[in-house]
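Spelled out from the first residue to the last, the chains are:
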Amino acid sequence: MQNTPVSHRSPLLALTLGVLTTLPLAAGAATPLDAVQSVAVRVGDLDLGSRAGVDALYQRLSRASRAVCASLEGRTLRERAVYEQCRRDSLARAVRDIGHSDLIALHGVRTRSRAAG
């Protein structure tokens, strides 16, 4: 597994898991929401040279994307669709921004398996 510069950053990686671009009319709002949510994700304790470390980071990013988008979770089909899109987009953006090849590959596998199942 390839180690990338992310392992040399501070123990907390602040990720902007952007909600802004996914919310043009979320929850009936007349205008896009102005706030972009962010969550700090710990990475300093992970060995991103190991499969277990990459898996753990992916799980943390997945939880962070759910937390960032939680305010969008609703009961109607439309609200649920907005929440799911926010969650998918924010997770994909975080994976892309980190740029670790094994994390990108894992995200691709997980995304394809969800789409197929």
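Since this is a predicted model, take the numbers as computed values, not measurements.

Peer 1: What's the story with the environment of Cys69 in this structure? I'm lost.
Peer 2: Mapped onto the elements, Cys69 comes out in helix 1 (residues 51-69). Given the relative accessible area of 0%, Cys69 is considered buried.

Peer 1: What is the right way to read the nonpolar core from this model?
Peer 2: One broad trend across soluble globular proteins is that nonpolar side chains are buried collectively. One finds Leu57, Tyr58, Leu61, Val95 and Leu103 to be the most contacted residues of the largest nonpolar core, which totals 15 residues. The set of elements that each furnish at least two residues to this core consists of helix 1, helix 2 (77-98) and helix 3 (101-116). Broken down by element, this core gets its largest block of residues, 5 residues, from helix 1. Residues Cys69, Val82, Tyr83 and Cys86 belong to the second largest nonpolar core, which totals 6 residues.

Cut-offs used in this document
Note on numbering: residues in each chain are counted from 1, in written sequence order. With the structure being a predicted model, the display of local features is reserved for residues of pLDDT at least 70 and the display and counting of side-chain atom pairs for 80 or more, all residues being used for whole-chain, interface and lining totals. The side-chain numbers reported here are obtained from all heavy atoms of the structure, hydrogens and water having been left aside. Segments assigned H or I by DSSP are reported as helices when at least four residues long, segments assigned E as strands when at least two residues long, and all are numbered from the N terminus. Each residue's exposure class comes from its accessible area (1.4 Å probe, protein chains only) as a fraction of the maximum for that residue type: buried when under 20%, exposed when over 50%, partly exposed otherwise. Side-chain atoms within 4.5 Å are what join buried Ala, Val, Leu, Ile, Met, Phe, Trp, Tyr and Cys residues into a set we call a nonpolar core.

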